[in-house]
Structures are given as C-alpha cells and as structure tokens.
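Okay, here's what each chain looks like letter by letter:
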Amino acid sequence: MDVSFLGGPQPQRGVGVVAPFDFALDRELWRWVPDEVSLHLTRTPFVPVEVSLDLARLVSEHETLHDAVQALAAVAPEVVAYACTSGSFVGGVAGERAMCAAMSQAGEIPSLTTSGALLEALQEIGARRIAVVTPYTRSVTDSLEEYLAEGGMTVTGRAYLGLTRHIWKVPYRDVVDMARQAVVGATDALFISCTNLPTYDVIPQLEAELRMPVLSANQVTMWAALRAIGAPPVGPYQALMDPAARSGPAGMSVSPMSRPLPVTDPVVESVIEAVESVEAVVDEPEAALAGAASPGLDGDPADGLDPGFGSGLGEGPYLDDSGGPSPM
C-alpha cells in the first residue's frame, strides 16, 4: 500500500535528559511530554554507592555531566535537563548554577537541573512556605532544606522514609501518608522530592485533599524543560502544569462558601447515613490491608531501608517533635 500521502513523520523536537545510573522512571517523564517532543535520555556511569550525600556528589561531578551532555548533543536537543534532585541541591544554590554552566558549556545547549527548576516553579506559583516529602535519609533531607532556605524558602514541615535504594518501588499510598503528615501550619505548597519517586497520578489527589499546589521532582523538571522550548506540558488537574487547576474545583484554598452546608432534610439525612454505612463496610478490607505489615522491597525487611525502619514501606515516615522526621 502506498502511504506516501502521509508525508512522513511530524517534525520532532528534542529534550535531552541526564539521569543518575539508578533512575528507573523513564515512563513517568514521558507522561508530561506532548506528542511532538521526544526525550533523549542518558545515564551517569554506575558507582557502587547507595543513595546518600556521597552519591549525590558523585553523580553530579562536572566531568560526568560533560560526557553525558556531549553524548546527548549528537541528537541535537533544544535543552538539556539534569534529572536528579539531590545531585543538584547537594552543592547549594551556587553549586546548582555551576552545574548548569558546565552543562551548557559542554554541549552549547541551554541546560537546567531539577533543583533549579524547583525554585523556578515555586516562584511561578508564588509559594514561600513549603512542606517537604522525601524518600531520603535524614542527612539528605537536611541538605534539601538547607538548599530551599538558600533559595528564600521556609520549610514548614517534612517527612521522610529513610531509604538508601530501590526508591522507585515506593507505592503511592506511602507518598500520600507522608504528605498528610508533612503539611502542618501555614503552608503554601508541598514538594515531593526525588526523581526516582513515582508521583504523576498522586499529584491531583493531593492537591484536591490538601487544597494547595503539589510539586514533584519529575514534574518541575519536565515543566521547566518544556517551558524553555515553548512546548505545552501534559498535566491535567496539576496546578503547575494546568493554570486552570489553580482556581478550579480542586483548588488551592478553602473558603467558608466551600464548606458543606448542614443537612436539614430528614430524607436526605437518611440517604447520607445509608451511603456512609455502605462505605464503611467496603472500606474495612482496605483498612485491614493498609494496616498489615508489609515485607521489604525485595522480600527482605531490611533491604534498602535504614536500620530501625521496621518491617518495610507502609508503616509511615519518621517525624520529629516539630512535625518533621525524627532523628535516627
């Protein structure tokens, strides 16, 4: 069959992505990308180090970035993004800027990082008081808080899991649990850190429940990269990606008019009671499952977890006396 009438594929626009060697969420990045844009990914060389400040420094060395960007330059992307939060905040604001400069020089391509994109996104939505959720250990979480403070942000609450590997296996349920515990007091937005932590589907749910913008590492990275080339991101019901969501039904603030009205009709009241009783029965198995101890990520309760973490994910994050995570 002659298909010449199709005229060939549509012109392609490229976004280069440099990711750490253990990055496992390529598919999630693609979900924010429109059809006319392709992602060109490369990874940093493997090093036998678990997730830590040491690893963050190793995967963000300028020589490593230079080689990765030069490899990407062969396919001529319009922008290059370094997709690693800890690797781009470990050197502070000055270190993040130096990384961007080194990448831009290596490939003569505009470059950005996840942590730089985070500060840009927070400015975009007008947020200054931030709740933070991370899968990291305490020391890495502390480093993120220091970076945000340097960028003019105040961390109002935080929660973390204490993981050192296999972060991509964390379920949405644990992300939601951490978010609920981290958001305390007057908070403008929630940030979910780590590009290896799945977040795409959970963002609209949390924004609707918490009534505030929710940003994640992969989200801000793709938002900034697509913004740099003037391409529209795909993120329905996400406040950063979809400006309509910032003032829509899911959103962002609770006013007296939005609170439920008291029920005065006895017929309506009886219907509501009946529905609630059915929901309670339906929810019982799920509640029992949620409370059950779960094994470690690979069947070993200690695999990938800090000492003392317990039987595995689903038990809740560490919290300190101020609402943040407690010391190990």
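Residues numbered from 1 in each chain as written. Predicted model: local features only at pLDDT ≥ 70, side-chain atom pairs only at ≥ 80, totals over all residues. Heavy atoms only, no water.

With that settled, the discussion passes to the overall build of the protein chain. Each helix and strand counted, the protein chain has 11 helices and eight strands in total. Counting across all 328 residues of the protein chain, residues that qualify as buried make up 48%. Considering only contacts within the protein chain whose residues lie at least 6 apart along the sequence, 74% involve residues at least 24 apart. Looking at the protein chain as shown, the accessible area adds up to about 15600 Å², and 56% of this sits on carbon and sulfur atoms. (Helix = DSSP H or I, 4+ residues; strand = E, 2+ residues; numbered from the N terminus. Buried < 20%, exposed > 50% of the residue type's maximum accessible area, 1.4 Å probe, protein only. Contact = heavy atoms within 4.5 Å. Areas by Shrake-Rupley, 256 points an atom, 1.4 Å probe, with all protein chains shown as cover.)

With that out of the way, let us pick up the packing of aromatic side chains. Here the structure, examined in full by the defined rule, presents four aromatic pairs. Arranged with centres 6.2 Å apart and planes meeting at 70 degrees, the rings of Phe89 and Tyr136 form a pair that is edge-to-face. Separated by 47 residues along the polypeptide, Phe89 in helix H4 (residues 85-89) and Tyr136 in the loop between strand S5 (129-134) and helix H7 (138-150) bring together distant segments of the chain. Per residue, the accessibility class of Phe89 equals that of Tyr136, and both read buried. (Phe/Tyr/Trp six-rings, centres within 6.5 Å; stacked < 30°, edge-to-face > 60°.)

Of all residues in the protein chain, 75% attain a pLDDT of 70 or more, and the chain-wide mean is 82. Low confidence marks residues 281-316, where pLDDT is under 50. Its contacts with residues over four positions away, or in another chain, come to 49 contacts. Predicted confidence for residues 318-328 stays below pLDDT 50, and this span has 30 contacts to residues more than four positions away or in other chains. (pLDDT = per-residue confidence, 0-100.)

To continue, consider empty space enclosed by the protein. Taken as a whole and judged by the stated rule, the model has one cavity of 30 Å³ or more. What the largest cavity holds in volume is close to 150 Å³. Looking at the largest cavity, it is lined by 16 residues, and the ones nearest its centre are Asp22, Val51, Cys84, Ser86 and Cys194. Counting residues per element, the ones that place at least two in the lining of the largest cavity are helix H2 (53-58) and H4. Tallied by class, the residues present in the lining of the largest cavity amount to 10 nonpolar, five polar and one charged. (1 Å grid on protein atoms, 1.4 Å probe; cavity = no way out; pocket = protein on both sides within 12 Å on 5 of 7 lines; lining within 4 Å. Points joined across faces, edges and corners; volume = space filled by probe spheres on them. Nonpolar A, V, L, I, M, F, W, Y, C, P; charged D, E, K, R; others polar.)

A few words now on the sheet that holds strand S8 (residues 214-216). Strand order in this open sheet of four strands is S6-S5-S7-S8, and the pairing throughout is parallel. The open sheet has two edge strands, strand S6 (154-160) and S8, and neither has a second partner. The average angle at which neighbouring strand axes cross in this sheet is 20 degrees, direction not considered. Pairing of strand S7 (residues 189-192) with S8 involves three bridges; the strand directions are parallel. Across the sheet, Ile192 pairs through a bridge with Ser216, a residue of S8. Seen against the sheet, H7 touches S5, S6 and S7 and runs at an angle of roughly 160 degrees to S6. Relative to the sheet, helix H10 (residues 217-228) contacts S7 and S8, its axis offset from that of S8 by approximately 85 degrees. (Pairing = 2+ DSSP bridges. Axes fitted to C-alpha atoms, helices over the stretch in contact; angles between N-to-C directions.)

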